[in-house]
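Listed below, chain by chain, are the residues.
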Amino acid sequence: MSPTEPEGIRRQSTTRRRRTVRLRTLLIWLAVVPTVAMGTQVTLTAERLLAQSDKLRSDVAAAEQVGAPLYTLMVDMQAERTATAARWADNDGSEGELRVRREATDLAAAEFRRLAVDPSRSFSEVTRQLEKLAEYRQRADTRSGAADSTLAYYSEVIGKVIQVYQQEFSHAEDAELAQASRPVVSMLQATEMVAREDTVLALAGPSGELTFVGYDQFVSALGAQRYLHEALIVPHLTDRDQRFYERVVGSADWQTKTRIESAVLSGHKDIVSGIRLPAEVGGWSSAHANFSVQMTTLNIDLARSVLARGEAKAGELQTEVAWLIGGSAGGLLAVVVVVFFTTRSVLRRLNKLHERTVTVAEQTLPDVVARLQRGQSVDPEALPAVTGDRDEVGRISDAFARAVEVSVDGHRRLAAERHGFGLFASGIASRTGNLVSRQLSLTEDLQDTFGDDEALLAELMRADQLTVGMRRQIENLLILAGGEVPDPHTEPMRVADLLREAAAEVEDFRRIERQALDETSVEPSAISQISHLLAELLDNATRFSPPKSKVVIRAELVTDGLSVEIEDRGPRVSPERYEEMNGRLHEAPPYSVLAQNAHRLGLFVVGHLADQLRATVTLRRSVYGGTSAVVILPGQLLVATDPQAPREIEPQPRVLELLPAPDPDPAASVSSDPAPEPEPAPEPEPVVRTPAGLPSRRTKAPVAVATAVPAPALVPVPARTARPALPERVPQTHIAEQLREPRAQESVVRPDTATPEEVADAWADYEQGTQTVEEELRRDQP
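Residues numbered from 1 in each chain as written. Predicted model: local features only at pLDDT ≥ 70, side-chain atom pairs only at ≥ 80, totals over all residues. Heavy atoms only, no water.

Undergrad: Help me get a handle on the overall build of the chain, residues and values and all.
TA: Across its full length, the chain carries 18 helices and 13 strands. Taking all 782 residues of the chain together, 42% fall into the buried category. Summarising the internal contacts of the chain: among those between residues at least 6 apart in sequence, 79% fall at separations of at least 24. In the form shown here, the chain has an accessible surface area of approximately 42,700 Å², with 55% of it arising from carbon and sulfur atoms. (Helix = DSSP H or I, 4+ residues; strand = E, 2+ residues; numbered from the N terminus. Buried < 20%, exposed > 50% of the residue type's maximum accessible area, 1.4 Å probe, protein only. Contact = heavy atoms within 4.5 Å. Areas by Shrake-Rupley, 256 points an atom, 1.4 Å probe, with all protein chains shown as cover.)

Undergrad: So what's going on with the sheet that holds strand 10 (residues 627-634)? Residues and values would help.
TA: Sheet architecture is open: five strands sit in the order 5-7-8-10-9, paired in mixed fashion. Looking at the sheet topology across the chains shown, the edges are occupied by strand 5 (512-516) and strand 9 (616-621). Neighbour-to-neighbour, the strand axes of this sheet turn through a mean angle of 15 degrees, independent of strand direction. Direction of pairing for strand 7 (residues 551-558) relative to strand 8 (residues 561-567): antiparallel, over a ladder of seven bridges. Paired with R554 across the two strands is E565, which belongs to strand 8. Against the sheet, helix 13 (residues 495-504) makes contact with strand 5, strand 7 and strand 8, and its axis sits at roughly 165 degrees relative to strand 5, the strand it touches most. Helix 15 (residues 575-586) contacts strand 9 and strand 10 of the sheet and is inclined by roughly 170 degrees relative to strand 9. (Pairing = 2+ DSSP bridges. Axes fitted to C-alpha atoms, helices over the stretch in contact; angles between N-to-C directions.)

Undergrad: I'd like a rundown of the nonpolar core, residues and numbers included.
TA: In terms of nonpolar packing, the biggest core is built from 44 residues, with I530, L533, L534, L538 and I566 touching the most fellow members. Contact partners of I530, with chain neighbours within four places excluded, come to L498, V522, L613, L633 and L637. Within the second largest apolar cluster, 26 residues are counted, among which are V66, L70, Y71 and Y165. (Core = buried A, V, L, I, M, F, W, Y, C linked by side-chain atoms within 4.5 Å.)

Undergrad: Can you explain the sheet that holds strand 1 (residues 209-210)? Please cite residues and give values.
TA: Strand order across the open sheet formed by three strands is 1-3-2, with antiparallel pairing between neighbours. On the outer flanks of this sheet lie strand 1 and strand 2 (269-270), each paired with one strand and no other. In this sheet, strand 3 (residues 275-276) lies alongside strand 2 in antiparallel orientation, the contact comprising two bridges. Directly across from D270, in strand 3, lies its bridge partner I275.

Undergrad: Residues and numbers for the packing of aromatic side chains, please.
TA: Within the structure shown, the criterion is met by six aromatic pairs. Centroid distance Y136 to Y153: 4.2 Å. Interplanar angle 5 degrees. Geometry classified as stacked. Placement of Y136 in helix 4 (residues 133-142) and of Y153 in helix 5 (residues 147-168) is noted, with a sequence separation of 17 residues between them. The exposure classification of Y136 matches that of Y153, with both residues buried. Ring plane angle 80 degrees and centroid distance 5.2 Å describe the contact between W254 and F291, whose orientation is recorded as edge-to-face. Of the two residues, W254 sits in helix 9 (residues 252-267) while F291 sits in helix 10 (residues 284-373), which places them 37 residues apart along the sequence. Residue class for W254 comes out buried when judged on its relative accessible area of 9%. Grouping aromatic residues by their ring pairs yields a cluster made of Y136, Y153 and Y154. The cationic tip of R139 hangs over the ring face of Y136; the distance from NZ or CZ to the ring centre is 4.7 Å. Seen from the ring of Y624, R569 lies directly overhead, with NZ or CZ sitting 4.1 Å from the centre. (Phe/Tyr/Trp six-rings, centres within 6.5 Å; stacked < 30°, edge-to-face > 60°. Lys NZ or Arg CZ within 6 Å of the ring centre and 35° of its normal.)

Undergrad: Talk me through the packing of helix 12 (residues 454-480) against helix 17 (residues 602-613); I want residue IDs and the actual numbers.
TA: As a packed pair, helix 12 and helix 17 sit with axes 10 Å apart at the nearest point and diverge in direction by 60 degrees. Taken together, the axis directions place helix 12 and helix 17 in an arrangement best described as oblique. When you trace helix 12 past helix 17, the crossing you get is left-handed. The segment helix 12 lies against helix 17, with N476, I479 and L480 engaging F604, V605, H608 and L609. Here the residues of the contact of helix 12 with helix 17 sort into five nonpolar, two polar and no charged. (Parallel < 35°, antiparallel > 145°, perpendicular 65-115°, else oblique. Left-handed = near helix turned anticlockwise from the far one by under 90°. Nonpolar A, V, L, I, M, F, W, Y, C, P; charged D, E, K, R; others polar.)

Undergrad: So what about the pairing of strand 8? Which residues, and what values?
TA: With respect to burial, strand 8 is a largely interior element, seven of its seven residues being buried. With seven bridges connecting them, strand 8 and strand 10 associate as antiparallel partners. Residue pairing across strands places E565 opposite V630, the latter belonging to strand 10.

Undergrad: So what's going on with a positive patch on the surface? Residues and values would help.
TA: On the surface, a cluster of positive charge is contributed by R344, R348, K352 and R356. Tracing the backbone shows R356 in helix 10. (Patch = residues over 30% accessible without salt bridge, like charges linked within 9 Å, V, L, I, M, F, W, Y side chains within 5 Å. Salt bridge = Lys/Arg side-chain N within 4 Å of Asp/Glu carboxyl O. Lys, Arg positive; Asp, Glu negative; His and termini not counted. Charge placed at Lys NZ, Arg CZ, Asp CG, Glu CD.)

Undergrad: Please provide a residue-by-residue account of unusual backbone geometry, values included.
TA: In the Ramachandran plot, R143 falls in the positive-phi region, its phi being about 55 degrees despite a non-glycine side chain. With respect to the helices and strands, R143 occurs in the loop between helix 4 and helix 5. Of the residues examined, R143 reaches a relative accessible area of 34% and is grouped as partly exposed. Backbone geometry places R614, a non-glycine residue, at a positive phi of 60 degrees. In this structure, R614 sits in the loop between helix 17 and strand 9.

Undergrad: Would you mind going over the environment of Q225 in detail, with residue names and values included?
TA: The residue Q225 is located in helix 7 (residues 212-233) in this model. Sequence spacing of Q225 and T191 is 34 residues, and the spatial spacing of their C-alpha atoms is 7.5 Å. Discounting residues that sit within four places of it in the chain, Q225 has contacts with A190, M193, V194, E197, K257 and E261.

Undergrad: How would you summarise helix 10 if you had to cite specific residues and measurements?
TA: Each turn of an α-helix holds 3.6 residues, which means side chains three or four residues apart point in the same direction. For helix 10, with 90 residues, the first-to-last C-alpha span of 123 Å sits near the 134 Å given by 1.5 Å per residue. Taken as a whole, helix 10 carries its principal kink of about 40 degrees at V360. Looking one or two places after helix 10, you find G375, whose phi comes out positive at around 80 degrees. (Expected span 1.5 Å × (residues − 1). Bend = angle between axes of the 7 residues up to and from the residue.)

Undergrad: Can you lay out a nonpolar patch on the surface for me, pointing to particular residues and giving the numbers?
TA: On the surface, I28, W29, V32, V33 and V36 cluster together into a nonpolar patch covering about 450 Å² of accessible area. For V33, the position within the fold is in helix 1 (residues 23-88). When its relative accessible area of 47% is taken as the criterion, V33 is described as partly exposed.

Undergrad: Kindly report on the confidence of the model for the chain, identifying the contributing residues and their values.
TA: For any part of a model where pLDDT is low, the fine detail of the predicted coordinates should not be relied upon. When pLDDT is averaged along the chain, the result is 76, and 75% of the positions lie at 70 or above. Low confidence marks residues 646-727, where pLDDT is under 50. Its contacts with residues over four positions away, or in another chain, come to 137 contacts. Confidence drops under pLDDT 50 across residues 743-750; counting only partners more than four residues distant or on other chains, this segment forms seven contacts. (pLDDT = per-residue confidence, 0-100.)

Undergrad: Mind laying out the pairing of strand 10, listing which residues take part and the relevant values?
TA: Most of strand 10 sits inside the fold, with seven of its eight residues counted as buried. Across six bridges, strand 9 lies against strand 10 in antiparallel orientation. Counterpart to L619 in the pairing with strand 10 is A629. Connecting the antiparallel pair strand 9 and strand 10 is a turn made up of five residues, with G625 showing a positive phi of about 90 degrees.

Undergrad: Could you give an account of helix 14 (residues 527-543), naming the residues involved and the relevant values?
TA: For helix 14, built from 17 residues, the straight-helix expectation of 24 Å at 1.5 Å per residue is met to within 8% by its first-to-last C-alpha distance of 24 Å. With 16 of 17 residues buried, helix 14 is to be regarded as a mostly interior element.

Undergrad: For the pattern of salt bridges, give the residues involved together with the corresponding values.
TA: Inspection of the entire model under this criterion finds 28 salt bridges. Between E505 and R471 there is a salt bridge whose closest N-O contact spans 3.4 Å. Separated by 34 residues along the polypeptide, E505 in the loop between helix 13 and strand 5 and R471 in helix 12 bring together distant segments of the chain. Here E505 matches R471 in class, with each residue buried.

Undergrad: Now, about the environment of L324: what can you tell me, with residues and values included?
TA: Within the fold, L324 resides in helix 10. Residue classification places L324 among the partly exposed residues on the basis of a relative accessible area of 25%. If we ignore the near neighbours within four places in the chain, the residues touching L324 are V42, T45 and A46.

Structure representation (structure tokens):
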């Protein structure tokens, strides 16, 4: 079977849709995502603040534990360095002073080693440098090497101590504490520069002479300590520390220090070995001893101030963390409460809207549509009304009410359209049916009159088949208009007879090969509908397959009922085309599609009949490359066949079957018309044929020939003139109720007055129509 049906609405390919998330889940996620993000941020912030607080407390504890011994070690190393320089210059009493300083350094180093046990801190570098202290003391005692290299060791150790202070207690992660700790480190560096000046002056000894290298070291230390005081210490001191610093730099000892430094820079004398210091340097030792104590006090106060700030800052951070956690927990709780009540309120309103929508969709709207289809009025109060609410849920409700209103209006117009179309179709079918009935009556009369002329009888049978096709098309119109094909049968019919009856409705019935593989019967109420359905499929198969090819129809019992398969050898059809045609079989199209495809409505009619019979019709590709239509009739339409009933009923003699004995002239023929008598109606009715082998039309009350006709008067048709047995159609057994009207009697059969030119024009129109159909078929083929 080939695609001959209209280009209707294609079934949309069902693509897998993305899974829709429920509104409840969305609302919960709407609360969960910000809550989790906020909780994560609070947690990270709290962890960072707590880590900073712990670091501050650790620094404060380390400063309190190690800071003081480390500062003491630095001061003792500075004093030992100066004593070593004095001993190298052979100053009076320098040996005893050096011994005392070394003992103090050893005590400070031992205390530092005992406390600096944390491997994560940078104390290990100072510890490694202290391990070389004995070696350099030995060099100083034996005066091996240069004095500058020995004194440079002490400066390196002191620099490591200051570097530890800078790394461990600068608090770079906190800007406020970093600002407060900056003058502490700068003060330590400035103290070291002053201590280096003291070492250089002690190295000059009683002679008061310095090498050029020593003088350069003095000048560098002086410039560095003045820069540190002016740029990095004074600008960053607090008011309290500023006042203390001003008292120190305003003291007589500090003024003496400043005066001696200026004298060294401007009052020195150049000699061959270096420079000679001025006499004012003699007062340096006493002045340095006094102001260094004051500077040590200032350094300790600055360090304690930074430690106090660090402790207070750690406490503030912990308090901030507590407030952060408490406030965040309260905020999260408020968010949860608001989201809970909001979600419940929204879901409650949406649930009410859903219930109203379901009620309207499943109860109200179907009832309204059913009333409209029955032509009854609809109460507007039964439909949802527009309330005019401005919130989202209210607008959705109003939109649904408008949609229902539009739907009801559409169904109202559709019902009116269907009703009008039904009336229109009924009127057209009634008028056309009268003409078809008259045509069938005329054909039957001609068959009865000219039954002895085989050629004419064959042409009359062709005309009869065309007329039957016209009747089927009229019934198609009624089916599409919503009507049903009436069924006059009162007894079940065998499947074999049903297939023969369906084939008889097709113009090219000789090409149809019937195969009833199982013996069963069909309910009387469904015979006409099934016959019409199969006739449409057979007609489609014969018209769109090669003229000399066979169309096979076979029927057999299956699990779900009765399977009827119609197979042709038509052109190849694509899978997409099969999907489209099967869609037409299972889904009724709107009238707009029917109107656009009014000349190709076969599959739509089949679909309507299959829906009425609760049958399934599927089109697919056959093994021969053509199309196979599989019809599954439900088991409820089948009944068991009486095994006693004859499978085939031999034709009984009728008036048209009686011929006289053959004369020498084959053209001569005699007909005998014995008096007819009523014939008992056999079940099923016999197939009556003419002498030419063609089926004879039967009327509603067939008249049988009396059985007393003399046998010699009956001459069987010679074998050379016999033709294949043709199925017999019972006239007006499938006609719709609207077409069952009394047939108008024609008193006079008017002769055909058409001229040869008119006949030629009609034949040309026929050929042109045939060519148009063939072109359409070629365009439809893939």
